[in-house]
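For reference, the chains in residue letters:
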Amino acid sequence: GGGGGGGSSARTFGVLSSEVEALRVQTLNGTFGALVEGVHAPLTPAALRCGALGAELRAIWVRFGVLVIRGLQSMTPEDLAAISGHFGILSQDVGAGREHCTLPGVPILRIGNVRDQSGRMISQPAAARGNLLPASGSCQYRPEERLPVWHTDGTFMAVPPAGSALFCRRAPPEGAETCFADMAAAWESLAPEEQASLEELECVCSLAHHDAKISLRVPDYPRLTPEERTANPPRRVPVALDHPSTGRRALYGANSSTCRVLRRGEAVPAEDMDRYDLEGIEHESVSILRALLPRVTSRELTVVWQWQEGDLVIWDNRSTLHCATGYDQDRYVREMWRTTIMPD
(Lines give C-alpha, C1' and ligand atoms only; values in the text may rest on other atoms or scores of the structure.)
Protein backbone atom coordinates (compact mmCIF):
# COMPACT_ATOMS: atom_id res chain seq x y z
CA GLY A 1 0.00 0.00 0.00
CA GLY A 2 1.19 3.54 -0.56
CA GLY A 3 0.92 6.69 1.36
CA GLY A 4 -0.67 9.78 -0.26
CA GLY A 5 -0.95 13.22 1.16
CA GLY A 6 1.87 15.54 2.08
CA GLY A 7 3.06 16.18 5.57
CA SER A 8 -0.10 15.02 7.32
CA SER A 9 0.56 13.13 10.53
CA ALA A 10 -2.46 10.95 9.72
CA ARG A 11 -0.76 9.67 6.57
CA THR A 12 -1.33 5.91 6.43
CA PHE A 13 1.17 3.39 5.11
CA GLY A 14 -0.47 0.04 4.48
CA VAL A 15 1.87 -2.95 4.73
CA LEU A 16 0.46 -5.81 2.69
CA SER A 17 1.70 -9.34 3.02
CA SER A 18 0.00 -12.64 2.42
CA GLU A 19 1.47 -14.67 5.26
CA VAL A 20 1.26 -12.09 8.06
CA GLU A 21 -1.49 -9.89 9.37
CA ALA A 22 -2.01 -6.74 7.35
CA LEU A 23 -0.84 -3.69 9.27
CA ARG A 24 -2.05 -0.11 9.24
CA VAL A 25 0.68 2.42 9.97
CA GLN A 26 -0.22 5.96 11.00
CA THR A 27 2.63 8.41 11.53
CA LEU A 28 2.64 10.49 14.72
CA ASN A 29 4.32 13.67 13.48
CA GLY A 30 5.03 14.03 9.76
CA THR A 31 7.47 11.21 8.98
CA PHE A 32 8.37 10.54 12.63
CA GLY A 33 6.87 7.85 14.85
CA ALA A 34 4.41 5.14 13.82
CA LEU A 35 1.23 3.86 15.46
CA VAL A 36 0.68 0.33 14.15
CA GLU A 37 -2.66 -1.52 14.19
CA GLY A 38 -3.96 -4.73 12.68
CA VAL A 39 -6.22 -4.08 9.69
CA HIS A 40 -8.52 -7.07 10.27
CA ALA A 41 -8.16 -7.76 14.00
CA PRO A 42 -6.48 -6.08 16.95
CA LEU A 43 -2.85 -7.07 17.43
CA THR A 44 -2.27 -9.35 20.43
CA PRO A 45 0.91 -10.27 22.32
CA ALA A 46 0.63 -13.80 20.88
CA ALA A 47 0.39 -12.46 17.31
CA LEU A 48 3.31 -10.11 17.93
CA ARG A 49 5.55 -13.06 18.83
CA CYS A 50 5.34 -14.26 15.20
CA GLY A 51 8.69 -13.93 13.41
CA ALA A 52 7.32 -12.77 10.05
CA LEU A 53 5.28 -10.04 11.73
CA GLY A 54 8.32 -9.14 13.80
CA ALA A 55 10.36 -8.54 10.65
CA GLU A 56 7.69 -6.15 9.34
CA LEU A 57 7.59 -4.30 12.66
CA ARG A 58 11.37 -4.01 12.69
CA ALA A 59 11.35 -2.36 9.26
CA ILE A 60 8.73 0.15 10.46
CA TRP A 61 10.76 0.83 13.64
CA VAL A 62 13.96 1.58 11.73
CA ARG A 63 12.11 3.79 9.26
CA PHE A 64 10.10 5.88 11.73
CA GLY A 65 12.30 5.76 14.86
CA VAL A 66 9.43 5.08 17.29
CA LEU A 67 6.89 2.24 17.04
CA VAL A 68 3.68 2.25 19.11
CA ILE A 69 1.13 -0.56 19.55
CA ARG A 70 -1.87 -0.19 21.86
CA GLY A 71 -4.30 -2.56 23.56
CA LEU A 72 -1.82 -5.19 24.77
CA GLN A 73 -3.14 -5.46 28.35
CA SER A 74 -2.63 -9.26 28.37
CA MET A 75 1.15 -8.91 27.85
CA THR A 76 3.26 -11.20 30.06
CA PRO A 77 6.93 -10.64 30.87
CA GLU A 78 7.75 -13.59 28.59
CA ASP A 79 5.75 -11.99 25.74
CA LEU A 80 7.64 -8.72 26.13
CA ALA A 81 10.99 -10.50 26.09
CA ALA A 82 10.04 -12.47 22.96
CA ILE A 83 8.67 -9.42 21.11
CA SER A 84 11.75 -7.36 22.01
CA GLY A 85 13.88 -10.03 20.36
CA HIS A 86 12.51 -9.10 16.90
CA PHE A 87 14.44 -5.82 17.08
CA GLY A 88 17.86 -7.12 18.13
CA ILE A 89 19.39 -9.15 20.92
CA LEU A 90 17.65 -8.89 24.29
CA SER A 91 20.16 -7.52 26.79
CA GLN A 92 20.53 -9.71 29.89
CA ASP A 93 22.09 -6.83 31.84
CA VAL A 94 19.63 -4.52 33.60
CA GLY A 95 22.46 -2.30 34.85
CA ALA A 96 24.67 -2.16 37.91
CA GLY A 97 22.80 -1.67 41.19
CA ARG A 98 19.34 -2.32 39.70
CA GLU A 99 18.92 -6.04 40.40
CA HIS A 100 16.10 -5.43 42.93
CA CYS A 101 14.00 -3.81 40.15
CA THR A 102 14.16 -6.80 37.80
CA LEU A 103 11.19 -9.08 37.04
CA PRO A 104 11.83 -12.72 38.03
CA GLY A 105 13.33 -14.91 35.33
CA VAL A 106 13.42 -12.29 32.55
CA PRO A 107 15.75 -9.32 31.92
CA ILE A 108 12.99 -6.74 32.32
CA LEU A 109 13.45 -3.64 34.44
CA ARG A 110 10.46 -2.39 36.42
CA ILE A 111 10.27 1.43 36.37
CA GLY A 112 7.92 3.52 38.49
CA ASN A 113 6.96 3.73 42.15
CA VAL A 114 5.80 0.17 42.89
CA ARG A 115 6.74 -1.24 46.32
CA ASP A 116 6.50 -4.75 47.75
CA GLN A 117 4.41 -5.71 50.82
CA SER A 118 7.12 -4.56 53.22
CA GLY A 119 7.24 -1.15 51.57
CA ARG A 120 10.57 -1.76 49.85
CA MET A 121 10.90 -0.02 46.49
CA ILE A 122 11.01 -2.72 43.77
CA SER A 123 11.00 -0.40 40.79
CA GLN A 124 13.56 2.07 39.56
CA PRO A 125 12.26 5.51 40.47
CA ALA A 126 11.77 7.84 37.52
CA ALA A 127 14.50 10.45 37.39
CA ALA A 128 11.78 13.00 36.64
CA ARG A 129 10.14 13.63 40.01
CA GLY A 130 8.48 17.04 39.95
CA ASN A 131 9.37 17.54 36.28
CA LEU A 132 5.81 17.92 35.00
CA LEU A 133 5.23 19.12 31.45
CA PRO A 134 4.43 22.85 31.47
CA ALA A 135 0.80 23.93 30.97
CA SER A 136 1.52 24.49 27.27
CA GLY A 137 2.28 20.76 26.90
CA SER A 138 5.61 21.65 25.26
CA CYS A 139 8.44 19.17 25.73
CA GLN A 140 11.02 21.62 24.35
CA TYR A 141 14.27 21.70 26.34
CA ARG A 142 14.44 24.61 28.80
CA PRO A 143 18.15 25.49 29.18
CA GLU A 144 17.75 27.55 32.35
CA GLU A 145 16.27 24.52 34.18
CA ARG A 146 18.15 21.84 32.19
CA LEU A 147 14.78 20.11 31.75
CA PRO A 148 13.36 17.87 30.40
CA VAL A 149 16.28 15.43 30.61
CA TRP A 150 16.48 14.55 26.90
CA HIS A 151 18.78 11.60 26.19
CA THR A 152 19.57 8.49 24.20
CA ASP A 153 20.13 5.38 26.34
CA GLY A 154 23.30 3.62 27.33
CA THR A 155 26.02 5.66 25.64
CA PHE A 156 28.21 4.67 28.62
CA MET A 157 27.99 0.95 27.70
CA ALA A 158 30.76 -0.89 25.82
CA VAL A 159 28.15 -1.48 23.10
CA PRO A 160 25.31 1.06 23.36
CA PRO A 161 21.82 -0.40 22.96
CA ALA A 162 20.03 -0.24 19.61
CA GLY A 163 16.74 0.52 21.33
CA SER A 164 14.37 -0.14 24.16
CA ALA A 165 10.84 -1.44 24.52
CA LEU A 166 8.66 0.15 27.19
CA PHE A 167 5.36 -1.46 28.17
CA CYS A 168 2.75 0.24 30.33
CA ARG A 169 1.23 -1.94 33.09
CA ARG A 170 -0.22 0.91 35.16
CA ALA A 171 -0.39 4.57 34.21
CA PRO A 172 -1.44 7.65 36.16
CA PRO A 173 -4.41 9.49 34.61
CA GLU A 174 -2.24 12.59 34.15
CA GLY A 175 1.46 13.24 33.80
CA ALA A 176 4.22 10.66 33.15
CA GLU A 177 4.23 11.30 29.41
CA THR A 178 7.26 10.06 27.48
CA CYS A 179 8.51 12.38 24.75
CA PHE A 180 10.52 11.48 21.65
CA ALA A 181 12.59 13.62 19.28
CA ASP A 182 13.75 12.83 15.73
CA MET A 183 17.55 13.18 15.69
CA ALA A 184 17.93 12.23 12.02
CA ALA A 185 15.65 15.07 10.95
CA ALA A 186 17.39 17.27 13.55
CA TRP A 187 20.79 16.57 11.95
CA GLU A 188 19.43 17.36 8.51
CA SER A 189 18.05 20.68 9.84
CA LEU A 190 21.53 21.90 10.87
CA ALA A 191 23.53 24.25 8.66
CA PRO A 192 26.38 22.54 6.73
CA GLU A 193 29.03 24.40 8.73
CA GLU A 194 27.44 23.24 12.01
CA GLN A 195 27.43 19.68 10.71
CA ALA A 196 31.09 19.97 9.71
CA SER A 197 32.20 21.13 13.18
CA LEU A 198 30.10 18.51 15.00
CA GLU A 199 31.40 15.65 12.82
CA GLU A 200 34.84 16.08 14.42
CA LEU A 201 33.59 15.61 17.97
CA GLU A 202 32.90 12.75 20.35
CA CYS A 203 31.38 12.43 23.81
CA VAL A 204 33.02 10.97 26.91
CA CYS A 205 30.27 8.94 28.61
CA SER A 206 30.61 7.54 32.12
CA LEU A 207 28.06 5.50 34.08
CA ALA A 208 29.57 6.70 37.38
CA HIS A 209 29.09 10.33 36.28
CA HIS A 210 25.52 9.52 35.17
CA ASP A 211 24.52 8.04 38.53
CA ALA A 212 26.35 10.71 40.57
CA LYS A 213 24.68 13.49 38.56
CA ILE A 214 21.16 12.02 38.91
CA SER A 215 21.58 11.20 42.63
CA LEU A 216 22.13 14.92 43.27
CA ARG A 217 18.47 15.40 42.18
CA VAL A 218 16.95 12.00 43.06
CA PRO A 219 18.04 10.81 46.53
CA ASP A 220 16.78 7.21 45.98
CA TYR A 221 18.92 6.83 42.86
CA PRO A 222 21.69 4.18 43.21
CA ARG A 223 25.35 5.30 42.94
CA LEU A 224 28.20 3.04 41.84
CA THR A 225 30.55 1.40 44.30
CA PRO A 226 34.30 1.80 43.59
CA GLU A 227 34.31 -1.77 42.20
CA GLU A 228 31.38 -1.02 39.88
CA ARG A 229 33.11 2.17 38.72
CA THR A 230 36.23 0.18 37.79
CA ALA A 231 34.07 -2.35 35.92
CA ASN A 232 32.30 0.44 33.99
CA PRO A 233 35.05 2.69 32.56
CA PRO A 234 34.16 5.77 30.47
CA ARG A 235 33.32 5.19 26.78
CA ARG A 236 33.46 7.35 23.65
CA VAL A 237 30.60 7.86 21.20
CA PRO A 238 30.39 10.15 18.13
CA VAL A 239 28.25 13.30 18.11
CA ALA A 240 27.23 12.39 14.53
CA LEU A 241 26.14 8.74 14.25
CA ASP A 242 25.44 6.93 10.98
CA HIS A 243 22.59 4.44 11.41
CA PRO A 244 23.86 0.88 10.79
CA SER A 245 20.68 -0.16 8.92
CA THR A 246 19.82 2.98 6.94
CA GLY A 247 23.10 4.94 6.82
CA ARG A 248 21.11 8.03 7.78
CA ARG A 249 23.10 10.36 10.03
CA ALA A 250 21.68 11.51 13.37
CA LEU A 251 22.72 13.77 16.21
CA TYR A 252 23.87 11.45 19.00
CA GLY A 253 25.48 11.35 22.43
CA ALA A 254 23.04 13.32 24.61
CA ASN A 255 22.97 11.32 27.84
CA SER A 256 23.30 12.13 31.53
CA SER A 257 26.56 10.11 31.39
CA THR A 258 28.10 12.59 28.93
CA CYS A 259 30.65 14.50 30.99
CA ARG A 260 32.79 16.04 28.23
CA VAL A 261 32.70 16.73 24.48
CA LEU A 262 36.04 16.87 22.66
CA ARG A 263 37.83 16.25 19.37
CA ARG A 264 38.03 12.58 18.43
CA GLY A 265 40.84 10.81 20.29
CA GLU A 266 41.69 13.67 22.67
CA ALA A 267 42.78 12.47 26.14
CA VAL A 268 41.08 13.30 29.46
CA PRO A 269 43.28 13.62 32.60
CA ALA A 270 42.49 11.14 35.40
CA GLU A 271 41.89 13.91 37.96
CA ASP A 272 39.26 15.41 35.63
CA MET A 273 37.50 12.03 35.36
CA ASP A 274 37.46 11.78 39.17
CA ARG A 275 35.64 15.11 39.39
CA TYR A 276 33.08 14.05 36.78
CA ASP A 277 32.54 10.59 38.33
CA LEU A 278 32.59 11.34 42.05
CA GLU A 279 31.03 14.79 42.20
CA GLY A 280 28.66 14.54 39.23
CA ILE A 281 30.12 17.75 37.72
CA GLU A 282 30.21 17.96 33.92
CA HIS A 283 32.78 19.82 31.81
CA GLU A 284 31.62 23.08 30.20
CA SER A 285 32.13 21.53 26.73
CA VAL A 286 28.88 19.56 27.20
CA SER A 287 27.19 22.92 26.51
CA ILE A 288 27.91 22.21 22.81
CA LEU A 289 25.17 19.57 22.97
CA ARG A 290 22.96 21.40 25.47
CA ALA A 291 22.91 24.48 23.21
CA LEU A 292 21.43 22.38 20.39
CA LEU A 293 18.68 20.81 22.50
CA PRO A 294 16.05 23.60 22.33
CA ARG A 295 16.19 23.54 18.50
CA VAL A 296 16.13 19.77 18.14
CA THR A 297 13.27 19.28 20.62
CA SER A 298 10.91 21.76 18.94
CA ARG A 299 7.31 20.83 18.17
CA GLU A 300 8.16 19.96 14.54
CA LEU A 301 10.61 17.24 15.64
CA THR A 302 8.87 15.71 18.66
CA VAL A 303 6.06 13.41 19.82
CA VAL A 304 4.57 13.55 23.33
CA TRP A 305 3.16 10.13 24.24
CA GLN A 306 0.41 9.98 26.88
CA TRP A 307 0.41 6.40 28.18
CA GLN A 308 -2.55 4.10 28.59
CA GLU A 309 -2.39 0.64 30.15
CA GLY A 310 -1.51 -1.88 27.45
CA ASP A 311 0.63 0.50 25.37
CA LEU A 312 3.93 -0.80 23.97
CA VAL A 313 6.46 1.71 22.62
CA ILE A 314 9.74 0.64 21.02
CA TRP A 315 12.23 3.34 20.10
CA ASP A 316 15.51 3.38 18.17
CA ASN A 317 18.27 4.87 20.32
CA ARG A 318 20.45 5.54 17.28
CA SER A 319 18.06 8.01 15.66
CA THR A 320 15.96 9.44 18.52
CA LEU A 321 16.13 11.14 21.90
CA HIS A 322 13.53 10.62 24.60
CA CYS A 323 12.68 12.05 28.00
CA ALA A 324 10.47 11.16 30.94
CA THR A 325 8.14 13.65 32.57
CA GLY A 326 6.88 13.76 36.13
CA TYR A 327 3.60 12.81 37.77
CA ASP A 328 2.09 12.97 41.26
CA GLN A 329 3.90 10.01 42.82
CA ASP A 330 2.03 10.35 46.11
CA ARG A 331 -1.40 10.02 44.47
CA TYR A 332 -0.76 7.62 41.60
CA VAL A 333 0.93 4.28 40.97
CA ARG A 334 2.93 3.86 37.80
CA GLU A 335 4.41 0.58 36.61
CA MET A 336 6.38 0.27 33.37
CA TRP A 337 8.35 -2.71 32.09
CA ARG A 338 11.45 -2.02 30.04
CA THR A 339 13.70 -4.22 27.96
CA THR A 340 16.96 -3.12 26.42
CA ILE A 341 17.63 -4.23 22.84
CA MET A 342 21.23 -4.68 21.69
CA PRO A 343 22.40 -4.49 18.06
CA ASP A 344 22.51 -7.88 16.34
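To start, this report covers the structure provided alongside it. The numbering scheme is per chain: residues are counted from 1 as the chain's sequence reads. It should be noted that, the model being predicted, local features are given only for residues of pLDDT at least 70 and side-chain atom pairs only at 80 or more, the latter also being counted only at that level, while totals for whole chains, interfaces and linings use all residues. To obtain the side-chain values, all non-hydrogen atoms of the structure were included, while hydrogens and water were left out.

## Thoughts on empty space enclosed by the protein
So, point 1. Only protein atoms enter the 1 Å grid, on which a cavity is a set of points fitting a 1.4 Å probe that cannot get out and a pocket is an open set with protein on both sides within 12 Å along at least 5 of 7 lines, lining residues being those with an atom within 4 Å of a point. Grid points are joined across faces, edges and corners, and a volume is the space filled by probe spheres set on the points. Under the defined criterion, the tally for this structure stands at one cavity of 30 Å³ or more.
So, point 2. Considered as a void within the structure, the largest cavity measures approximately 50 Å³ in volume.
So, point 3. Numbering of helices and strands starts at the N terminus; helices are DSSP runs of H or I of at least 4 residues and strands are runs of E of at least 2. In terms of residue count, helix α9 (residues 287-296) provides more of the lining of the largest cavity than any other element does, four residues in total.
So, point 4. The class makeup of the residues in the lining of the largest cavity is nine nonpolar, one polar and no charged. Here the nonpolar group is Ala, Val, Leu, Ile, Met, Phe, Trp, Tyr, Cys and Pro; Asp, Glu, Lys and Arg are the charged ones; every other residue, Gly included, is treated as polar.

## Some details on the nonpolar core
So, point 1. Grouping buried Ala, Val, Leu, Ile, Met, Phe, Trp, Tyr and Cys residues that are joined through side-chain atoms within 4.5 Å yields what is termed a nonpolar core. With a 1.4 Å probe rolled over the protein chains alone, any residue whose accessible area is under 20% of its type maximum counts as buried; one over 50% counts as exposed, and the rest are partly exposed. Membership of the largest hydrophobic core comes to 36 residues, with the highest contact counts inside it found for Trp150, Met183, Leu198, Cys203, Val239, Leu251 and Leu321.
So, point 2. Ranked by the residues each element gives to this core, the list is headed by helix α4 (residues 183-189), at five residues.
So, point 3. In this structure, Val62, Leu103, Ala165 and Trp337 belong to the second largest nonpolar core, which totals 31 residues.

## Focus: helix α3 (residues 77-84)
So, point 1. The buried fraction of α3 is high, at six of eight residues.
So, point 2. Pro77, Asp79, Leu80, Ala81, Ile83 and Ser84 are the residues of α3 that are buried.

## Focus on the sheet that holds strand β8 (residues 178-182)
So, point 1. The three strands lie next to each other as β14-β8-β16, forming an open sheet whose pairing is antiparallel. Looking at strand neighbours, the two that pair on one side only are β14 (302-305) and β16 (320-324), the edges of this open sheet. Taken pair by pair, the neighbouring strands of this sheet meet at an average axis angle of 15°, ignoring direction.
So, point 2. Two strands pair if DSSP finds at least two bridges between them. Bridge count for β8 against β16 is five bridges, and the pairing is antiparallel. Looking at the pairing, Phe180 lines up with His322 of β16. Here, axes are lines fitted to C-alpha atoms. For helices the fit covers the stretch in contact, and angles between N-to-C directions go from 0 to 180 degrees.

## Describing the pattern of salt bridges
So, point 1. Here a salt bridge means any side-chain nitrogen of Lys or Arg lying within 4 Å of a carboxyl oxygen belonging to Asp or Glu. All chains considered together, the criterion is met by 23 salt bridges.
So, point 2. Between Asp79 and Arg49 there is a salt bridge; the shortest N-O distance is 2.7 Å. Taken together, the positions of Asp79 in helix α3 and Arg49 in the loop between α1 (45-48) and α2 (51-64) put the pair 30 residues apart, joining distant regions of the chain.
So, point 3. Notably, a salt bridge pairs Arg70 with Asp311, separated by 2.8 Å at the nearest N-O pair. Pair noted here: Arg70 is in the loop between β4 (66-69) and α3 and Asp311 is in the loop between β14 and β15 (312-316), with a separation of 241 residues, a long-range link.

## Quick look at the packing of aromatic side chains
So, point 1. Pairing of aromatic rings covers Phe, Tyr and the six-membered ring of Trp, with a centre-to-centre limit of 6.5 Å; geometry is then stacked below 30 degrees between planes, edge-to-face above 60, and tilted otherwise. As enumerated under the stated definition, the model contains three aromatic pairs in all.
So, point 2. Ring geometry for Trp61 against Phe87: centres 5.2 Å apart, planes inclined by 75°, an arrangement best described as edge-to-face. Taken as a pair, Trp61 in helix α2 and Phe87 in the loop between α3 and β5 (89-90) lie far apart in primary sequence, 26 residues in all.
So, point 3. Under the relative-accessibility criterion, Phe87 is labelled buried at 2%.
So, point 4. On the numbers, 5.7 Å between centres and 50° between planes, the contact of Phe180 with Trp315 is tilted. Here Phe180 is found in strand β8, whereas its partner Trp315 is found in strand β15, with 135 residues between them in sequence.
So, point 5. Under the relative-accessibility criterion, Phe180 is labelled buried at 1%.
So, point 6. With relative accessibility at 2%, the residue Trp315 sits in the buried group.

## So, α2
So, point 1. Given a helix with a known number of residues, its expected span is that number minus one, times 1.5 Å. For α2, which comprises 14 residues, the first-to-last C-alpha distance of 20 Å matches the rise-based estimate of 20 Å (1.5 Å per residue) to within 8%.
So, point 2. Considered for burial, the residues of α2 that qualify are Leu53, Gly54, Glu56, Leu57, Ile60, Trp61, Val62 and Phe64.
So, point 3. At the exit of α2 stands Gly65, carrying a positive phi of roughly 85°.

## Description of the layout of surface pockets
So, point 1. In this model, the largest pocket occupies a volume close to 920 Å³.
So, point 2. For the largest pocket, the lining is made up of 48 residues, of which Gln124, His151, Asp153, Tyr221 and Arg338 are closest to its centre.
So, point 3. Of all the secondary-structure elements, those providing two or more residues to the lining of the largest pocket are β6 (109-112), β7 (163-170), α6 (207-217), β16 and β17 (335-342).
So, point 4. Top contributing element to the lining of the largest pocket by residue count: β17, with five residues.
So, point 5. Here the lining of the largest pocket is composed, by residue class, of 26 nonpolar, 15 polar and seven charged.
So, point 6. Lining the second largest pocket are 20 residues, and of these Arg146, Lys213, Ser256, Glu282 and Arg290 lie nearest its centre.
So, point 7. Of all elements in the fold, only α6 and α9 reach the threshold of two or more residues within the lining of the second largest pocket.
So, point 8. At three residues, α9 tops the list of elements feeding residues into the lining of the second largest pocket.
So, point 9. Looking at the lining of the second largest pocket, its residues break down into ten nonpolar, four polar and six charged.

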